[in-house]
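The primary structure of each chain is shown beneath.
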Amino acid sequence: MRTLLRYSVPLSLVTVFVLLATIALDKPGYYYDEVIHIPVAMRALGDCEVDAAVTSEIGCFPLMQTLGYVGAVKAWLAAPIIAAFGTNVWSVRLPPILIGALTLAILWSFARRELGVTWAALLLLLLAGDPVLLNHARLDWGPQMIALLLRVTSLVAVVRWLQTGRAHWLALVCASFLVGVVDKVSFVWVIGAWVAAVATVMGPMAWGRLRAGAPWQPLLAAITLALFAWALATLVRRAAGLDILGDAQTLTWSGQLAKVWNLYAGTFSGLSVIGWVFGAAVPTTAAFNVLLLAQLAAAVVLLAWCRPWTPARRLLALLTAATVYLLLAIALTRQVGGSHHLFTLWPMPTLHLVTLVAVAAQHLGTERGRGMVLRSTIAIAGIAAGGALLAWNVAMDLRYADIWRNDRDFQPLFDPAITKLGTRLDELAPDRVISADWGLHQPLVTLAGRERAPRYREWTWRLIDASDNLGRDDVQRAIARDVTGKRVAFVLHGEGYTTFAGAHARLAALLAATHPCHTNEEGFANAAGRTIYTIVLADYASCRRAMPATR
């Protein structure tokens, strides 16, 4: 009974998070990058005919996907779930939410050990209803939830290793780092930030732990460092050359910092994802930027003024340095361009704030020592900031719950009508479904499931690259394989909603070059009455060659 009461508060708060995150879980419709791992997972299960975004594989077992800087870790974890439950909204969207719930539980356990039960409960209260986590866990298009779990796990393991010197904690740090890089190369931000923070704040202690753990701990660290160097030389170099937004080479440093400032404000205001999904203005404020800078400055002053350093103050110093280094790593990366990048900072701002207030409140009311006024001021201001943050979260959660249940004004790439489009394609039962515009293939494969997935093909890039040269060998081979002699459903967004301009013209040119027996086009409207999808059913199977005239 005492154990149940002890865990009732954290269990209740984690349950609240899961319930909020699963409200109207079928909305929005599957987004391309959210489910890009599903076809990859099918290939991991041995479905080698599935067209998936795989850039490196052994046989047909996927290793890396999409441009070569995102690994197949999420696909590997999704594969047994798909094998057991198929592809549906629960098997696709619930696992990242549960990973988020597990991360919250780890954070609570960590804070309880380091700061005490009260501060752990406060931390969980602020994080469980945080709309930043709710929105990213719901869609997880980064992917971000696996990275979040590894980020928090590695932080906890670093702290515990510094405290105890135990080899299993160092092994957990190294494993988290390596899996994190394979999951997505941007995890190098986290690795660099954690290592730099340890070197800055507890360098001699860390060196002493390594020496005391000889020979195995230094060997483990050396192997991890060598693998990390390989990742820098391959994966990171490959990603560094990308410029998806097209501004990496044109922005000045002041422009870059302004971009990151605005992204931070939009992300940590909590509704940037909803604004992106619906294409509507959402409330954002730079107050979160100011709060982070203020709490970092307050932590530096407090640590410089108050002595001696207690274990909690050492933790605060480590979190302060880690947050600063992580923020700098993100800000100095030219390719940063979305809330999924700034989410890499989560949960550091809130964890740092709660730790700062807990340290400032140490011994208040029991002693009159140096820095009492400073500590009292920081504690009171921090508690006020925490209360304001909680109130903001509640207000945003109410809007979050309402908008998923009722709003119909989705951006085309997120429209729930994609589910009905998938149903219509099942009714047509073509031999091939070919996506001629970006944003459709991965969601449609997910909706089709493993049995029908091999029928689907992504031709967006093939048609763009071919331009006016449809006679290219690769295009002709694709036509022979997927078009000739088959009933083909070409799918693209409706006029005015295409992702890439010219999609309809490219499809028209393809049809003119391949001469289907006959075609039938139908528009497909969403719940708001907008024709956002087009299906062109081209029959290449019923053709009869003209017979020579007989006398």
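Residues numbered from 1 in each chain as written. Predicted model: local features only at pLDDT ≥ 70, side-chain atom pairs only at ≥ 80, totals over all residues. Heavy atoms only, no water.

Here we come to the pairing of strand β8 (residues 531-539). The element β8 is largely enclosed, with a buried count of 8 among its 9 residues. Bridging between strand β6 (residues 487-493) and β8 involves 7 bridges; their strand directions are antiparallel. Bridged to Val491 within β8 is Ile535. The pairing of strand β7 (residues 518-525) with β8 spans 8 bridges and is classified as antiparallel. Residue pairing in the sheet places Gly523 in a bridge with Thr534 of β8. Between β7 and β8, which pair antiparallel in sequence order, lie 5 residues; one of them, Gly529, sits at a positive phi of approximately 85°. (Buried < 20%, exposed > 50% of the residue type's maximum accessible area, 1.4 Å probe, protein only. Helix = DSSP H or I, 4+ residues; strand = E, 2+ residues; numbered from the N terminus. Pairing = 2+ DSSP bridges.)

With that settled, the discussion passes to the state of the cysteines. Inspection of every chain in the model, using the stated rule, returns 1 disulfide. The disulfide partner of Cys48 is Cys60, and the gap between their sulfur atoms is 2.0 Å. Handedness of the Cys48-Cys60 disulfide follows from its S-S torsion of about -50°: it is left-handed. Taken together, the residues span a long stretch of sequence, with Cys48 in the loop between α2 (37-44) and β1 (54-58) and Cys60 in the loop between β1 and β2 (61-65) at a distance of 12 residues. (Disulfide = S-S within 2.5 Å.)

Counting residues in hydrophobic clusters, the biggest one holds 161 residues, and the most contacted among them are Phe17, Leu104, Trp194, Leu326, Trp346, Leu421 and Leu425. Broken down by element, the residue count for this core peaks at 14 residues, all from helix α7 (residues 145-164). Not counting chain neighbours up to four residues away, the residues in contact with Leu421 comprise Leu444, Val491, Phe524, Tyr533 and Ile535. Listed in part, the 20 residues of the second largest apolar core include Ile434, Leu463, Val488 and Val536. (Core = buried A, V, L, I, M, F, W, Y, C linked by side-chain atoms within 4.5 Å. Contact = heavy atoms within 4.5 Å.)

As a further point, take the pairing of strand β4 (residues 432-435). Of the two faces of β4, the one carrying Arg432 and Ile434 and the one carrying Val433 and Ser435 are both buried. Sheet analysis places β4 next to β6, joined by 4 bridges and oriented parallel. Directly across from Arg432, in β6, lies its bridge partner Val488. Examined bridge by bridge, β4 and strand β5 (residues 456-458) share 3 bridges and lie parallel to one another. When the sheet's bridge partners are listed, Val433 is paired in β5 with Tyr456.

Moving on: the sheet that holds β1. Across the sheet, 3 strands lie side by side as β1-β2-β3; this open sheet has antiparallel pairing. Since the sheet does not close on itself, it has two edges, and those belong to β1 and β3 (70-71), each with one partner. Where β2 meets β3, 2 bridges bridge the pair, whose relative direction is antiparallel. Within β3, the residue paired with Met64 across the bridge is Gly71.

Under the criterion given, the structure shown has 16 aromatic pairs. Centre to centre, the rings of Trp141 and Trp276 are 4.8 Å apart; their planes meet at 50°, and the pair counts as tilted. With Trp141 in the loop between α6 (131-139) and α7 and Trp276 in helix α12 (residues 272-278), this residue pair connects regions lying 135 residues apart in the sequence. When the ring of Phe278 is compared with that of Phe410, the centres are 4.7 Å apart and the planes differ by 35°; the resulting orientation is tilted. A residue pair is termed long-range when its members are at least 10 positions apart, and Phe278 in helix α12 and Phe410 in the loop between α17 (372-406) and α18 (418-428) qualify at 132 residues. Take Phe410: its relative accessible area is 4%, and that puts it in the buried class. Each member of the aromatic cluster is reached from another via a ring pair, and the members are Tyr31, Tyr32, Trp141, Trp276, Phe414 and Trp438. Here Arg138 stacks its cationic end above the ring of Trp404, 4.6 Å away from the centre of that ring. When the ring centre of Trp253 is taken as reference, the NZ or CZ atom of Arg334 above it lies at 3.9 Å. (Phe/Tyr/Trp six-rings, centres within 6.5 Å; stacked < 30°, edge-to-face > 60°. Lys NZ or Arg CZ within 6 Å of the ring centre and 35° of its normal.)

Across a sheet, paired strands are connected by hydrogen bonds in the backbone, their directions being either parallel or antiparallel. What the 5 strands build is an open sheet, ordered β5-β4-β6-β8-β7; its pairing is mixed. Two strands lie at the open edges of the sheet, namely β5 and β7, each paired on one side alone. For this sheet, the mean angle separating the axes of adjacent strands, direction not counted, is 20°. Contacts from α18 reach β4, β5, β6, β7 and β8 within the one sheet, and its direction differs from that of β8 by about 15°. Where helix α19 (residues 441-452) meets the sheet, it contacts β4, β5 and β6, and its direction lies at approximately 155° from that of β5. (Axes fitted to C-alpha atoms, helices over the stretch in contact; angles between N-to-C directions.)

As a further point, take the packing of α6 against α17. Two elements in contact, α6 and α17, have axes whose closest approach is 9 Å; the angle formed by their N-to-C orientations is 30°. Considering the angle they form, α6 stands roughly parallel to α17. The segment α6 lies against α17, with Pro131, Leu134, Asn135 and Arg138 engaging Asn393, Met396, Asp397, Tyr400 and Trp404. (Parallel < 35°, antiparallel > 145°, perpendicular 65-115°, else oblique.)

The method is simple in principle: a probe with the dimensions of a water molecule rolls over the atoms, and the space it marks as empty is what remains. The volume enclosed by the second largest pocket comes to roughly 600 Å³. Along the wall of the second largest pocket there are 23 residues; nearest its centre are Leu170, Phe177, Val195, Leu210 and Ala221. Within the residue set of the lining of the second largest pocket, elements represented by two or more residues are α7, α8 (167-183), α9 (188-212) and α10 (216-240). Looking at the lining of the second largest pocket, the element that brings in the most residues is α9, giving 10 residues. Each residue belonging to the lining of the second largest pocket can be placed in one class, and the counts come to 20 nonpolar, 3 polar and no charged. (1 Å grid on protein atoms, 1.4 Å probe; cavity = no way out; pocket = protein on both sides within 12 Å on 5 of 7 lines; lining within 4 Å. Points joined across faces, edges and corners; volume = space filled by probe spheres on them. Nonpolar A, V, L, I, M, F, W, Y, C, P; charged D, E, K, R; others polar.)

This part covers the pattern of salt bridges. One pass over the structure, following the stated rule, counts 12 salt bridges. Residue Arg472 pairs with Asp474 through a salt bridge whose shortest N-O separation is 2.7 Å. Residue classification places Arg472 among the partly exposed residues on the basis of a relative accessible area of 26%. Relative accessible area serves as the criterion here: at 27%, Asp474 is assigned to the partly exposed category. Through salt bridges with shared partners, a single network forms among Arg432, Arg457, Arg481 and Asp482. (Salt bridge = Lys/Arg side-chain N within 4 Å of Asp/Glu carboxyl O.)

This part covers empty space enclosed by the protein. Following the criterion strictly, the structure yields 3 cavities of 30 Å³ or more and no others. Volume-wise, the largest cavity comes out at about 190 Å³. As for the largest cavity, its lining consists of 19 residues, and the residues nearest its centre are Phe268, Phe288, Pro349, Thr350 and Leu389. Mapped by element, the contributors of at least two residues to the lining of the largest cavity are α6, α11 (253-268), α13 (287-305), α16 (348-360) and α17. For the lining of the largest cavity, the leading source of residues is α13, giving 4 residues. The class makeup of the residues in the lining of the largest cavity is 13 nonpolar, 5 polar and 1 charged. Its volume calculated, the second largest cavity comes out at about 70 Å³. Tallied by class, the residues present in the lining of the second largest cavity amount to 4 nonpolar, 4 polar and 3 charged.

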